Amino acid sequence: TACIEKRDTLGGTCLNVGCIPSKALLHNSHLFHEAQHGFAKRGIDVGQVKLNLPQLLADKDKAVSGLTRGIEMLFKKNKVDWIKGSGQLKSPTEIEVALNAGGVEQVAAKNIIIATGSEPSPFPGFEIDEKQIITSTGALALEKVPEKMIVIGGGVIGLELGSVWSRLGSQVTVVEYLPAIGAGMDAELAKTFQRSLAKQGIKFKTSTKVVGSEKQNGKVLVAVEGAKSGKQETLEADVVLVSVGRRPYTEGLGLENVGISVDKRGCIQMADEFRTAVSNIRVIGDATVGPMLAHKAEEEGIAAVEYITNGHGHVNYNVIPSVIYTHPEVAWVGKNEQQLKDEGVKYKVGSFPFAANSRAKTIDDAEGLVKIITDAESDRILGAHIIGPNAGEMIAEACLAMEYGGSAEDVARTCHAHPTMSEAFKEACMSAYGKPIHF
């Protein structure tokens, strides 16, 4: 088994410039913000709190390097060869690798899996320099806190990284074309989420179209207009984060040499068993259709290898959770109310606020709620939506219940430790089929 990877470190986008470094910055910026605004009320006096940005970034880099080295060790343990370079298909069984060290290597393979991931989508009128006009990659390595930052796009990436720099002292404005932030999120949670972030100081301009940009006197001027009204306005910032989504990284792979085509977004089309148009070449993750999530790609990778080795693999695309690692966290899995209405499915809703959860009240972190959506007849859980502390961890219980066709009553009749946040999940399930006992 061999892996062709052009980066100097393993782990792909997620580990190097995505999930992992952003979570390090989110965690540490939250601690900084808490030390400034939350410690005193808890009886902890720390004096003047100062930001050491170089050390903050170094701690992020330490986390990344430790995990990338861990993958190298796993490669050695499992006898996987790492070919350092860029691969291009020459035939269904041949790959030509332009080696990073120079030269070319020909690799023959019986089975090939394309797992090239994605890259930030460009945006017309904005030339990325990763200093003033940046992508998520640049947002992980700014050398100073910008006085003003504009985030174009109110999705997961923009809201997470916007939160980081807002906590560190930047005046952040999020510009979103749609009427609400958090694309794909349940509408009720999206409203609650926006209110929460607004209380933290982040400004929002929803239903707003970005027209273009211009650099002037060390600043970036961003022209916007109302999506419906057409009212024009110019916003000024020191840094503009362009986070309008990602696109599959499929150019330069030699797909045309073997007869594999892509759609207008650049996605490689996937058939049964993750096969492309060439049966021995499979595709997984961001390079093909579906949510661009590392855990979705991981499940597909395992299933694809299982198909190759024993003919059987499984991914349940109805149970792929999404998480936004802000504070409060937001997590969801399965259907939201609007989707079920569109599909004509009869459903019930149960919810429970963290304000009535003893653990959340004890630690004074009780913003948000758990919302459970069930089939009106069978009580089977169709969707779970959480905004609040530890939402990203709590959503796993919903995934497990849904994977095995569990009902709200199944969860509600399962003993949950007290006091824990997970009791809010239990009581939301109780609310869905009967009534909670603490609200």
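Scroll up for the structure.
Note that the structure is predicted; figures quoted are calculated from it, not measured.

S.K.: Explanation requested: the overall build of the protein chain in the structure shown.
M.R.: Across its full length, the protein chain carries 13 helices and 21 strands. Against the 2.2 N^0.38 benchmark of 22 Å for 439 residues, the protein chain shows a C-alpha radius of gyration of 23 Å, consistent with a compact globule. Projecting the C-alpha coordinates of the protein chain onto the three principal axes gives extents of approximately 65 × 60 × 50 Å. Pairs at least 24 residues apart make up 60% of the contacts formed inside the protein chain by residues separated by at least 6 positions. Looking at the protein chain as shown, the accessible area adds up to about 22200 Å², and 51% of this sits on carbon and sulfur atoms. Between the averaged position of the 47 positive side-chain charges in the protein chain and that of its 53 negative side-chain charges there is a distance of 3 Å.

S.K.: How should I be thinking about a nonpolar patch on the surface in this particular structure?
M.R.: The grouping of I113, V305 and I308 at the surface amounts to a nonpolar patch, some 190 Å² of accessible area in total. Counting through the fold element by element, V305 comes out in helix α8 (residues 294-310). Judged by its relative accessible area of 40%, V305 falls in the partly exposed class.

S.K.: Got a minute to help me understand the packing of helix α2 (residues 19-37) against helix α5 (residues 156-167) in this structure?
M.R.: In a pair of packed helices, the angle between the axes and the distance between the axes together describe the arrangement. Packing of α2 against α5 leaves a shortest axis separation of 9 Å and a crossing angle of 35°. Crossing geometry of α2 relative to α5 is assigned as left-handed. Residue-level contacts link S22, K23, L25, L26, S29, H30, F32, H33 and Q36 of α2 to E160, L161, S163, V164 and R167 of α5.

S.K.: Which parts of the structure should I look at to understand the sheet that holds strand β1 (residues 2-5)?
M.R.: Hydrogen bonds between backbone groups are what pair the strands of a sheet, and the pairing can be parallel or antiparallel. Strand order across the open sheet formed by 4 strands is β1-β2-β3-β4, with mixed pairing between neighbours. At either margin of the open sheet sits one strand with a lone partner, and together these are β1 and β4 (104-108). Strand-to-strand twist of the sheet, defined as the mean angle between neighbouring strand axes without regard to direction, takes the value 55°.

S.K.: How should I be thinking about the pattern of salt bridges in this particular structure?
M.R.: Counted by the stated rule, this structure contains 17 salt bridges. Ionic pairing is found between K371 and D186, a salt bridge with its closest N-O pair at 2.9 Å. Of the two residues, K371 is situated in strand β20 (residues 369-375) and D186 in the loop between β9 (171-175) and α6 (187-199); the sequence distance between them amounts to 185 residues. With relative accessibility at 1%, the residue K371 sits in the buried group. When the shortest N-O distance is used, the salt bridge between K205 and E233 registers 3.2 Å. Taken together, the positions of K205 in strand β10 (residues 203-205) and E233 in strand β13 (residues 232-237) put the pair 28 residues apart, joining distant regions of the chain. What makes E233 partly exposed here is its relative accessible area of 35%. Among the charged side chains, a salt-bridge network with shared partners connects D186, E188, E337 and K371.

Conventions used here
- Residues numbered from 1 in each chain as written.
- Predicted model: local features only at pLDDT ≥ 70, side-chain atom pairs only at ≥ 80, totals over all residues.
- Heavy atoms only, no water.
- Helix = DSSP H or I, 4+ residues; strand = E, 2+ residues; numbered from the N terminus.
- Rg over C-alpha atoms; globule rule 2.2 N^0.38 Å.
- Contact = heavy atoms within 4.5 Å.
- Areas by Shrake-Rupley, 256 points an atom, 1.4 Å probe, with all protein chains shown as cover.
- Lys, Arg positive; Asp, Glu negative; His and termini not counted.
- Charge placed at Lys NZ, Arg CZ, Asp CG, Glu CD.
- Patch = residues over 30% accessible without salt bridge, like charges linked within 9 Å, V, L, I, M, F, W, Y side chains within 5 Å.
- Salt bridge = Lys/Arg side-chain N within 4 Å of Asp/Glu carboxyl O.
- Buried < 20%, exposed > 50% of the residue type's maximum accessible area, 1.4 Å probe, protein only.
- Axes fitted to C-alpha atoms, helices over the stretch in contact; angles between N-to-C directions.
- Left-handed = near helix turned anticlockwise from the far one by under 90°.
- Pairing = 2+ DSSP bridges.

Remember, this is a structural readout, not a statement about activity or role.
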